[in-house]
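Next come the chains, spelled out residue by residue.
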Amino acid sequence: MDDGVLGASFRDPSGFVFARGGVIYRHVARSYAEHYDHLLASGLYEDLAGRGLLIPHVEEPALAAQAPDAHRVLRPERVAVVSYPYEWCFSQLRDAARLVLEVQRTALRHGMTLKDASAYNVLFHRGRPVWIDTLSFETWREGRPWAAYRQFCQHFLAPLALVAHRDARLAQLLRVHVDGIPLDLASALLPARAWLDPHLLVHLRIHAGFQRRHAGRAGAAGPRRRVERRGLEGLAAALEAAVRRLRWRPRGSPWEAYYEGNSYAVEAAAHKRELVSAWLDDVRPASLLDLGANTGALSRLASARGIPTLALDADPACVDRSYREACAAGEANLLPLVVDLANPSPALGWANEERDALAPRIGAGAVMALALVHHLAIGNQVPLPRLAAWLAALGPELLVEFVPKSDAKVRRLLATREDVFPEYTREGFERAFDGRFERLAALPLRGSERVLYRMRRLSAPGDAAARR
Amino acid sequence: MIAYIDPGAGSFALQAIVAAVAGTAYALRSRLKRLRAFFGPRRPPAPEPARESAADPGSVARRSDG
């Protein structure tokens, strides 16, 4: 992490986020002093932070003294992994939406309001969504409407409705539209039955119609519309009801049942758990990155050991199930995210600096790539040396599984492809990884022809710094 | 032309209507609840099974049955 102002916070006149010595700070501008003081004096901060809804912070008077235009400098509690809404599954986005509404309702009770409802102000911290922007609160002035109503609908309600009523893949529209899915687009994509839900009809479709009708009169918006506090409470309650009614029942995902039935031998599965457990106990990494984690059965071997674990998978149904299980069991160390490793999140937004690409956010002390290499090497035709280089960049310790061509899973991949992979052999695999890693052990998986390799990255300059 | 549109105007206009309706409904509901509590049979307050109360601090993140 470089020192300096971070790219995502340039829009807010109330302050900005900066890094110094690897620590994240929040600069509170003097112009925001009234609101910040009210946040604390009204008891709102304590109420929200005490319930885990707002990230707690400590004030840093010494740093504030160095910055002449600072009212305060805050050091918020560190969140291990920055994730974005286009990497969340349906249930994560839904929980984040409910968090935002609960924060708004609590703010109203303390005479304040949220001035934005950006999904990018929510992160997952110890397994739960938390509001991270301490400067989003404004003293509510009598009669003022909720400025973030439109943003809430675009960032949360529209994608949730699209997943619930149309297709889970549409959540990826958040990646294209940096300020949430335009309501006219959402309305055009939603099926007619979505409008049987009066909440969606009003907040999405009629909302889109109002935007269109008022667009021409942008300059003369007419008399200021007054909204009473009771109305704001009602609006938040109505939106909460709208979100609560949305359900997504994934069906027909081939991956979700991957570990069930006879997809691969029970013996091999049990042995794999043993090998992973032993590796974790030997390496004891500070954090783990599980690539192609499916529903997180093996990731949980790490998170249950108290290791903060990031479990990536491309299938939203698997991630949703993993997240729901984590919530039900109160697992604080596991964060499952929807990521297609063949096309990971790029850097987005203004100057490509607002949202970071995936790779710099996910580096870990150890990386696990089980039953993954054949998908990337054969399914996505990535040459093995490139695969090795990519894995080496993610962490110093590696547990990687090689699945040979004779394996049923690889045979299925090759059934519809020409075999243009002469290098895809155990020897070719080892050659490709030898340039980047030291092979510590090759462990044949019982009941299969697969091999699990324990590897350690060959040290390169600056390696010690990367080891976290 | 599109670039000069202020999509906020329509949102504010709709919000004024929605808030008026939802606010009245919200106020009526809470008044009804108070009336019921006053006139209803004396019994320990039920844990509101019908409404998943978002005021419950843990509910936001933990309840993810969807």
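Draft legend 1. Here's a closer look at the sheet that holds strand β2 (residues 15-20) of chain A. Residues and elements named next belong to chain A. On the basis of which strands lie adjacent, the open sheet formed by 5 strands has the order β1-β2-β3-β5-β4 and antiparallel pairing. Only two strands of the sheet have a single partner each, and these edge strands are β1 (4-5) and β4 (57-59). Where β1 lies against β2, 2 bridges are found, and the strand directions are antiparallel. Opposite Gly-4, over in β2, you have Ala-19 as the bridge partner.

Draft legend 2. Quick look at the environment of Arg-72 of chain A. Residues and elements named next belong to chain A. For Arg-72, the position within the fold is in strand β5 (residues 70-76). You can call Arg-72 partly exposed: its relative accessible area is 27%. In this structure the C-alpha to C-alpha distance between Arg-72 and Val-367, which are 295 residues apart in sequence, comes to 39 Å. Beyond its immediate stretch of four places on either side in the chain, Arg-72 contacts Arg-26, His-27, Val-28, Tyr-36, Asp-37, Glu-59 and Ala-64. A distance of 3.1 Å separates a polar atom in the side chain of Arg-72 from a polar atom in the side chain of Glu-59.

Draft legend 3. Here's a closer look at the side chain of Asp-290 of chain A. All names here are of chain A. Relative to the helices and strands, Asp-290 resides in strand β10 (residues 288-291). Side-chain polar atoms of Asp-290 contact the side chain of Ser-299, separated by 2.7 Å. Sequence-distant contacts of Asp-290, defined by excluding residues within four places in its chain, comprise Leu-298, Ser-299, Leu-310, Ala-311, Leu-312 and Met-368.

Draft legend 4. A look at the pairing of strand β7 (residues 122-125) of chain A. Residue and element names in this part refer to chain A. Residues Val-122 and Phe-124 point to one face of β7 and Leu-123 and His-125 to the other, with burial holding for every one of them. Where β7 and strand β8 (residues 128-131) come together, 4 bridges link them in antiparallel fashion. Looking across to β8, one finds that Val-122 is bridged to Trp-131. What sits between the antiparallel neighbours β7 and β8 is a turn of 2 residues, in which Arg-126 has the positive phi angle 50 degrees.

Draft legend 5. How the structure looks around the nonpolar core. Residues and elements named next belong to chain A. Core analysis: the largest hydrophobic core is formed by 122 residues, its most contacted members being Phe-137, Trp-146, Phe-152, Leu-312 and Tyr-424. In this structure, Tyr-424 is in contact with Val-373, His-374, Ala-377, Ile-378, Leu-384, Phe-402, Val-403, Pro-404, Lys-405 and Val-410, ignoring residues within four places of it in sequence. In this structure, Leu-275, Leu-288, Ala-366 and Leu-370 belong to the second largest nonpolar core, which totals 16 residues.

Reading guide: rules and limits
- Residues numbered from 1 in each chain as written.
- Chains lettered and ligands numbered in written order.
- Predicted model: local features only at pLDDT ≥ 70, side-chain atom pairs only at ≥ 80, totals over all residues.
- Heavy atoms only, no water.
- Pairing = 2+ DSSP bridges.
- Helix = DSSP H or I, 4+ residues; strand = E, 2+ residues; numbered from the N terminus.
- Buried < 20%, exposed > 50% of the residue type's maximum accessible area, 1.4 Å probe, protein only.
- Contact = heavy atoms within 4.5 Å.
- Polar contact = N/O pair within 3.5 Å; in protein donor to acceptor, adjacent residues only side chain to side chain.
- Core = buried A, V, L, I, M, F, W, Y, C linked by side-chain atoms within 4.5 Å.

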